[in-house]
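Each chain is listed here by its residues.
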Amino acid sequence: MATPSTPPTYGLAASFSSPDDLVRVVRLARAAGYRQMDAYTPMPVHGLAEALDLPPSRLPWGVLGGGITGMLVGIGLQSYTTIVLYPMNVGGRPLFSWPSFVPVTFELTILCAALVAVGGMIWRNGLPEPHHPIFNAPGFERASTDRFFLCIEATDPRFDAAATRRFLETAGAEEVQDVAR
Amino acid sequence: MTNAAATHDESRPPVLAPGATYASVTEKISGLVLSRTTPRWWILAFAVAFLALQVFLVATAYLVTTGTGIWGIRIPIGWGWAIINFVWWIGIGHAGTLISAILLLFRQDWRTSINRFAEAMTLFAVSCAGVFPILHMGRPWLAYWFAPYPNSMSLWPQFRSPLIWDVFAVTTYATVSALFWYIGLIPDLATLRDRALGRATRLIFGVMALGWRGSAKHWHRYETAYLLLAGLATPLVVSVHTVVSFDFAVSIIPGWHTTIFPPYFVAGAIYAGFAMVITLMVPLRRLLKLEDLITVRHLQNMAKVMLATGLVVVYGYAMEAFMAWYSGNEYEGFMLWNRMTGPYAPYYWTLLFCNAGVPQLLWLAKVRASPWLLFGVAMFVNWGMWLERYIIVVTSLHRDYLPSAWGMYSGTLWDVATFVGTLGIFGVAMLLFVRVLPMISIFEVRTLVRKPPSTHRVQGG
């Protein structure tokens, strides 16, 4: 029971031993109008992103941008150095010998795209983040082994310590616990 | 990361022994790392590998202080063991990326138990490969001249040279392989952090895991990034050995200047790589008691990939011979005839025996299902692929266009020492890897486990 004297909680964590139960309860919670929530699972769970209605990641666009940047850097670097900075006449062949620039351009395209894919994923996920309130949930260390968690956060406008707890229990959570901030 | 528990075909052995649960697979794989007792075989193997590593240090110190003259390279054979070993090692690396990226895109769930290990193998094999061209330069401390940077000499790399393409291909490959490997490790590092008993262990794994908490939002972006990386690594792995083959094919040496080299090198790389995965996996799954996770199914599938790529390589040999005859080119014809009957003929026929003959045993289901027979075949392929590069490098170079420029080649003790030394680097790195990091991707194996039943009881209507 949240009274003004108790420290504000981060939210309520429901836990499950089956990923199917988790997805089902996430759907129910969405239907009940909860929006500020996140699920924590030991592996990617099929259907969970859809149940939480997560928008499609914009990472692919970033990776495309990274690839194009790498490609332009590759073409630019090789053209500028072989035409302007260090022109070398080999048997009268053209200085802009683009077919021989293909391998390096290709490698730089891949390199920059891959760096954006990894860096973008880490950055957009807000990592590294050494501490997060969800780690206060009792038994959360099993979230990286065999336990599936759903945390409805106290910032949700529909959050009410008692009602939300009752909702999660009736929906089929095996355990519901307060998460200290 | 498909959910394959429900879709396995009853006629084949399963990819995961029945009865596995999330907790049991986690316990099994993380236990190898978190266990406080180091097995005796590990200490013995490490001692041997560490000794070989010392051989590397001695050989390299002597090489750097004296010069590449201590190796057997003499004009006209300027490449020798260094380049043979470079191509051999980098070829081995290719299986890792194939397993982790290409099989992921093809949704082959059996890759899951072996991808982490194969990726580590890639990383260490590429490191061993990278040593050779740098040492072969003679003045390895000037290796940074390869990098395009403004310098006081006003010099820039020759971007029309395949040797510069190689620098970009290999460094990109090493970087992307390391990223792919680390990204795959993050969720497992979080598992180790949560299960570690010691404070220091928890701190080290905690830092490496970046605070991963398994959030659905994170997984969502993670899976996107992982798939994109796989999509990027797939053309990359093909490009790397293509560029390596350009080192040969772009030249005008008979036997090298052929258009079949890129596909034939890529197939050879995958062939050699799978042979090395089998060579390492067969003893390790036994020693670490991982037969439930790395099942006969995995070995069978790897054997099939080996057979298929081996046949592509055999096609390459056949086409080399055919084109040498069919082109009517005098020098090509001489090169091939010299290869088959000249001073290096025993090497050539041994290579054909190892790469084209012995692996035909893999047509027999009994051989594919027997780990130790597979191990034997794989050892032949490891050796055969090394001989293949020896034949390519040496037989084309030792008979130049003019008989006055002919020569003979053999490696010296220091060639052997450097090669054994890189086996030491590889062995030490692999052994440390299986001891301190999860050698099987725990979170991906969890996706193969049959889901536990729902505990929810439907109440009323």
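Use the structure listed above.
Being a predicted model, the structure only gives us computed values, none of them experimental.

Caption draft 1: Focus on the pattern of salt bridges. Residue and element names in this part refer to chain A. Tallied over the full model, the rule gives 15 salt bridges over all chains. D146 is the partner of R142 in a salt bridge, and the nearest nitrogen-oxygen pair spans 3.1 Å. A salt bridge links E169 to R165; its shortest N-O distance comes to 3.9 Å. A residue pair is termed a helical-turn pair when its members lie 3 or 4 positions apart in one helix, as E169 and R165 do in helix α5 (residues 161-171) at four residues. Given a relative accessible area of 22%, R165 falls into the partly exposed group. Here the salt bridges share partners, and the residues they tie into one network are R147, E174 and E175.

Caption draft 2: Representation of the packing of aromatic side chains within the structure. Residue and element names in this part refer to chain B. Scanning the entire structure with this criterion turns up 51 aromatic pairs over all chains. Considering the side-chain rings of W219 and F443, the 5.2 Å spacing of their centres and the 40 degrees angle between planes classify their relative orientation as tilted. Linking W219 in helix α7 (residues 216-249) with F443 in helix α15 (residues 442-446), this pair joins segments that are 224 residues apart in sequence. Classification of F443 as buried rests on a relative accessible area of 0%.

Caption draft 3: Focus on unusual backbone geometry. Along the chain, L127 of chain A connects to P128 of chain A via a cis peptide bond; the corresponding omega equals -5 degrees. Within the secondary structure, P128 of chain A sits in the loop between α4 (102-124) and β3 (148-153). One non-glycine residue, S154 of chain B, adopts positive backbone phi at about 55 degrees. With respect to the helices and strands, the residue S154 of chain B is situated in the loop between α4 (115-136) and α5 (162-195). Relative accessible area serves as the criterion here: at 47%, S154 of chain B is assigned to the partly exposed category. In this structure, L210 of chain B is a non-glycine residue whose phi angle is positive, near 60 degrees.

Caption draft 4: The nonpolar core, seen in detail. Core analysis: the biggest nonpolar cluster contains 194 residues, and L168 of chain A together with W89, F248, F433 and M439 of chain B have the highest contact counts within it. With 17 residues, the single largest contributor to this core is helix α3 (residues 80-105) of chain B. Mapped onto the domain boundaries, this core takes at least three residues apiece from domain 1 (9-56 + 129-180) and domain 2 (59-124) of chain A. Filtering out sequence-adjacent residues up to four positions away, W89 of chain B remains in contact with A125, C128, A129, F132, F419, T422, L423 and F426 of chain B. I134, A137, F149 and V179 of chain A belong to the second-largest nonpolar core, a separate cluster that totals 10 residues.

Caption draft 5: Summary view of the interface of chain B and chain A. Facing the 57 residues of chain B at the interface are 68 residues of chain A. Between chain B and chain A, a total of about 5600 Å² is buried, with carbon and sulfur atoms accounting for 68% of that surface. The largest per-residue losses of area from chain B upon contact with chain A belong to R160, R213 and R221 of chain B, which jointly make up 15% of the total buried on that side. Joining chain B to chain A, the criterion identifies two salt bridges. Here R213 of chain B ties to E129 of chain A by a salt bridge, and the two come within 2.9 Å at their closest N and O atoms. Where chain B touches chain A, the interface holds 24 residue pairs in polar contact (both at pLDDT 80 or more). Listed by contribution, the elements that provide at least two residues to the side of chain B that touches chain A are α1 (22-34), α5, α7 and α15 of chain B. Element by element, the count of residues in the side of chain B that touches chain A is highest for α7 of chain B, at 17 residues. When its residues are assigned to classes, the side of chain B that touches chain A shows 29 nonpolar, 18 polar and 10 charged.

About the cut-offs
- Residues numbered from 1 in each chain as written.
- Chains lettered and ligands numbered in written order.
- Predicted model: local features only at pLDDT ≥ 70, side-chain atom pairs only at ≥ 80, totals over all residues.
- Heavy atoms only, no water.
- Salt bridge = Lys/Arg side-chain N within 4 Å of Asp/Glu carboxyl O.
- Helix = DSSP H or I, 4+ residues; strand = E, 2+ residues; numbered from the N terminus.
- Buried < 20%, exposed > 50% of the residue type's maximum accessible area, 1.4 Å probe, protein only.
- Phe/Tyr/Trp six-rings, centres within 6.5 Å; stacked < 30°, edge-to-face > 60°.
- Core = buried A, V, L, I, M, F, W, Y, C linked by side-chain atoms within 4.5 Å.
- Domains from an automatic or database assignment.
- Contact = heavy atoms within 4.5 Å.
- Buried area = accessible area lost by both parts, 1.4 Å probe.
- Polar contact = N/O pair within 3.5 Å; in protein donor to acceptor, adjacent residues only side chain to side chain.
- Nonpolar A, V, L, I, M, F, W, Y, C, P; charged D, E, K, R; others polar.

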